[in-house]
Amino acid sequence: MSKGKETNAKIEILRYNPNTGKRYIQTYVTPFDSGWSVMNSLLYIYEELDSSLGVPYMCLQGRCMGCAMRVNGKTTCACSTPMERNMRVEAVSNLRVIKDLIVEYGRANISYDPEKCTKCGLCVEICPINIWSVSDRKRVAEKSKDDVLCIGCGECEKSCKGEAIRIELVK
Ligand code: SF4
Ligand code: SF4
Ligand code: FES
């Protein structure tokens, strides 16, 4: 453990048991280490405290978004987000939960109507993979050419008061 270890951290996780269909909060206490990511703390729980916890990950290098989850209300990449002393961790919204933090990804179609866009920039701030962009020094939503990486979390659609964005999950 690095020098950043000082005290403990409290991590509340919204779990889902596919066998019982039950969703419930479970709280864990782990070391707090300022050099740890959210993923480091989840893997600590899995390895040291509770191997029944479903933790999704693939590259562990901040590239694949296979570890996407909601941390304190914000959808983010767990392996590149620093842990906090108090965290509430949940599965990505909008997607089918398989177990605990593990969700089923599919393809998401994005549509954007520039006529309805008020250029508030909320979608730019909220998207965990920077699909939306800023241009002409104004906060203007522009659909990226590459929407393949969209994880379908629906956060941009929820944030858009002008209903300029639609996210459609394709089975
Ligand atoms: S949230 Fe909606 S209105 Fe705001 S910039 Fe994005 S698309 Fe435009
Ligand atoms: S649904 Fe919206 S916020 Fe979520 S990843 Fe796709 S473009 Fe970004
Ligand atoms: S596991 Fe690939 S980005 Fe986190």
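Residues numbered from 1 in each chain as written. Chains lettered and ligands numbered in written order. Predicted model: local features only at pLDDT ≥ 70, side-chain atom pairs only at ≥ 80, totals over all residues.

**Regarding the overall build of the protein**
So, point 1. A count of helical and extended segments in the protein gives 3 helices and 9 strands.
So, point 2. Listed by position from the N terminus, the elements making up the protein come as β-β-α-β-β-β-β-β-β-α-α-β.
So, point 3. Counting only C-alpha atoms and orienting by the principal axes, one finds that the protein spans roughly 50 × 40 × 25 Å.
So, point 4. Split into buried and exposed, the 171 residues of the protein put 30% on the buried side.
So, point 5. Counting contacts in the protein only where the partners sit at least 6 residues apart, residues at least 24 apart contribute 54% of the total. (Helix = DSSP H or I, 4+ residues; strand = E, 2+ residues; numbered from the N terminus. Buried ≥ 20, exposed ≤ 12 C-beta atoms within 10 Å, placed from the backbone. Contact = placed C-beta atoms within 7 Å.)

**Notes on the site of ligand 2**
So, point 1. Close to ligand 2 lie 15 residues; Cys127, Ile131, Cys150, Cys153 and Cys156 are nearest.
So, point 2. A breakdown of the residues in the shell around ligand 2 according to their chemical character gives 12 nonpolar, 2 polar and 1 charged. (Near = placed C-beta within 6 Å. Nonpolar A, V, L, I, M, F, W, Y, C, P; charged D, E, K, R; others polar.)

**Regarding the nonpolar core**
So, point 1. In this structure, Ala68, Met69, Ala78 and Cys123 are the most contacted members of the largest nonpolar core, which totals 38 residues.
So, point 2. Of all elements in the fold, only strand E1 (5-17), helix H1 (38-49), strand E3 (68-71), strand E7 (102-103), helix H2 (122-126) and strand E9 (165-170) reach the threshold of two or more residues within this core.
So, point 3. Both domain 1 (5-103) and domain 2 (106-171) contribute no fewer than three residues apiece to this core.
So, point 4. For cysteine 123, the residues in contact, after removing those within four places along its chain, are Trp132, Ala141, Cys156, Ser159, Cys160 and Ile165. (Core = buried A, V, L, I, M, F, W, Y, C linked by C-beta atoms within 7 Å. Domains from an automatic or database assignment.)

**Structural notes on H1**
So, point 1. The terminal C-alpha atoms of H1, which comprises 12 residues, lie 16 Å apart, in line with the 16 Å expected from a rise of 1.5 Å per residue.
So, point 2. Buried within H1 are the following residues: Val38, Met39, Ser41 and Leu42. Burial along H1 is one-sided: seen end-on, the buried residues are contained in an arc of 165°. Exposed residues on H1 whose side chains face more than 90 degrees from its buried face are Glu47 and Glu48. (Expected span 1.5 Å × (residues − 1). Arc of directions from axis to C-beta.)

**A closer look at the domain arrangement of the protein**
So, point 1. What the domain assignment reports for the protein is domain 1 (5-103) and domain 2 (106-171).
So, point 2. In this structure, domain 1 and domain 2 have C-alpha centres spaced 25 Å apart.
So, point 3. Per-element tally for the side of domain 1 that touches domain 2: the top contributor is strand E4 (residues 74-77), with 3 residues.
So, point 4. Counted by class, the side of domain 1 that touches domain 2 contains 5 nonpolar, 4 polar and no charged residues.

**A word on the environment of alanine 68**
So, point 1. Examined against the element boundaries, alanine 68 turns out to sit in strand E3.
So, point 2. Alanine 68 sits in the buried class, given 25 other C-beta atoms within 10 Å.
So, point 3. In the structure, alanine 68 is positioned 85 residues away from cysteine 153 in sequence and 9.2 Å away in space, judged by C-alpha atoms.

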